[in-house]
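Summary of structural features
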Protein chains: 2
Amino acid sequence: MAYRSTERVKARLSASRQRIIAAALEIMAAHGYAGCSVAAVAERAGLATGSVYRHFPTKADLFAEVFRTASQREVDAVARAAALETGVAERVSAVVETFSGRALQSPRLAYALLAEPVDPAVDAERLVFRRAYAELIAGYVAEGVASGELPPQDPDLSATALVGALAEAMVGPLAAGVAGRDTIPGLIAFIHRALGVSP
Amino acid sequence: MAYRSTERVKARLSASRQRIIAAALEIMAAHGYAGCSVAAVAERAGLATGSVYRHFPTKADLFAEVFRTASQREVDAVARAAALETGVAERVSAVVETFSGRALQSPRLAYALLAEPVDPAVDAERLVFRRAYAELIAGYVAEGVASGELPPQDPDLSATALVGALAEAMVGPLAAGVAGRDTIPGLIAFIHRALGVSP
DNA sequence: GCAAGGATTGAACCACCGTTCAATCCTTGG
DNA sequence: CCAAGGATTGAACGGTGGTTCAATCCTTGC
């Protein structure tokens, strides 16, 4: 046994894996999921098509991880922005602004993550994405209900509906590439009313 | 020229076309879009695969029409239910109840119409579907704003967000096959608050 | 430098499914 | 009953793109 995987090799493998994910993300941001053939991802990552399969058993597995990574990044950014605020109203405003601001910054990626047709296996990951948002928001809503800032309500249902409203309202602007001047403020007002933020 | 298409033939052709659409709908309701190969649709409609192409140039065209038909039926049902009511609050309640009631009645079909991964060309038809709901609802909202029943707001934005909230809140229950006892009332309360229905 | 064995390559493979088309069947007017 | 020509059939085609694998390259420990 003259060959035993060493640290250096492990590091290189790990780097390859990361490069694959990064390449997939870049292609998604440029050409959407539709442009993400395994061959294209491999080429951009600087390795052969077959090598991708050393790291991921199937394309769906690869993109499940890509979606997970990208989603986590988005949710984290939103959570970070919301954490800077105090009070439900302000936090929710931060959520909407951060979410829509980032989406409009990379509309192709946002579309891919939110709505583009993908493999069912990858689609499942999308549910996780939306669920993560919903859970984040449900926490704020629950706090608001507890503090009396909001009227009694099911925080999870409200959060889920809120995520749906947010996503749906962004689909049009994402397709157009820009949002109207009043879209974001209008959406915030809608959502504040929906949660029962007192005026 | 001994052969000239006669009424009887035209009727038979038209009947075939209808059978194809009906077969596609039935398969969608049973196995989702994923189960809808052209061969399967043809078999259920009682004709050969190739004959489908006498009626529709491509599969995408066929399913665009299938989606259009099914969507129209749904929107009509919702509009009919809403028309029986007076006042925005009641109409919106009817919308939510009818929409979710029908969706839960045929969850597989509802999932296909709302969220299942499909060809981009068919996906476009889905946008039309959601747009139709939004426009219906925007009309009620505009009336409500005009009559003073609702506070000032962009009816189209509110309606779009409302449709998103409704669809998102239904995805979970659709996957589960049933909605919790409080889901529909909770959703109606959320939406009433969002529109600014006075309590 | 060498043998062992994992990593890498990329062209070939293959499954799936939408689509086509030559053969056949049916309908029509005479 | 016949000929013309559209309708129907369903097996075969073909394009796409995910997946595989025999050949080759590298890395490791001695």
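Model, not experiment: these values are computed from the prediction.

1. Overview of the environment of Gly35(B)
Residues and elements named next belong to chain B. Assignment of secondary structure puts Gly 35 in the loop between helix 1 (7-31) and helix 2 (38-45). For the pair Gly 35 and Ala 24, spaced eleven residues apart in the sequence, the C-alpha separation amounts to 9.4 Å. The residues contacting Gly 35, other than those within four sequence positions of it, are Ile 27 and Ala 40.

2. Regarding the packing of helix 1 (residues 7-31) of chain A against helix 6 (residues 107-114) of chain A
Residue and element names in this part refer to chain A. One can describe the packing of helix 1 onto helix 6 by two numbers: an axis separation of 6 Å at closest approach and a directional angle of 105°. Viewed along their axes, helix 1 and helix 6 adopt a mutual orientation that is roughly perpendicular. Residues Leu 25, Met 28, Ala 29, Ala 30 and His 31 of helix 1 pack against Arg 108, Leu 109, Ala 112 and Leu 113 of helix 6. For the contact of helix 1 with helix 6, the per-class residue count stands at seven nonpolar, one polar and one charged.

3. A few points about the domain arrangement of chain A
Residue and element names in this part refer to chain A. Looking at chain A, the domain boundaries give domain 1 (9-57) and domain 2 (60-195). Taken over C-alpha atoms, the centre of domain 1 sits 28 Å from the centre of domain 2. Contact with domain 1, which involves 17 residues of that partner, is made by 18 residues of domain 2. Carbon and sulfur atoms make up 76% of the surface buried where domain 1 meets domain 2, a total of about 1400 Å² over both sides. For the domain 1 face of the interface with domain 2, the top three residues by lost area are Leu 25, Met 28 and Tyr 33, together amounting to 46%. In this structure, the connection of domain 1 to domain 2 is made through one salt bridge.

4. Regarding the relation of the copies chain A and chain B
At an RMSD of 0.2 Å, chain A and chain B line up after a rotation of 179° and a shift of 0.0 Å along the axis. These values place the two chain copies in the arrangement generated by a two-fold rotation axis. When each C-alpha of chain A is compared by its distance to the rotation axis, Ala194(A) comes out closest, at 1.8 Å. The share of interface residues of chain A whose copies in chain B are also at the interface is 100%, consistent with both copies meeting through the same surface.

Reading the values: rules and limits
- Residues numbered from 1 in each chain as written.
- Chains lettered and ligands numbered in written order.
- Predicted model: local features only at pLDDT ≥ 70, side-chain atom pairs only at ≥ 80, totals over all residues.
- Heavy atoms only, no water.
- Helix = DSSP H or I, 4+ residues; strand = E, 2+ residues; numbered from the N terminus.
- Contact = heavy atoms within 4.5 Å.
- Axes fitted to C-alpha atoms, helices over the stretch in contact; angles between N-to-C directions.
- Parallel < 35°, antiparallel > 145°, perpendicular 65-115°, else oblique.
- Nonpolar A, V, L, I, M, F, W, Y, C, P; charged D, E, K, R; others polar.
- Domains from an automatic or database assignment.
- Buried area = accessible area lost by both parts, 1.4 Å probe.
- Salt bridge = Lys/Arg side-chain N within 4 Å of Asp/Glu carboxyl O.
- Least-squares fit on C-alpha atoms with pLDDT ≥ 70 in both.

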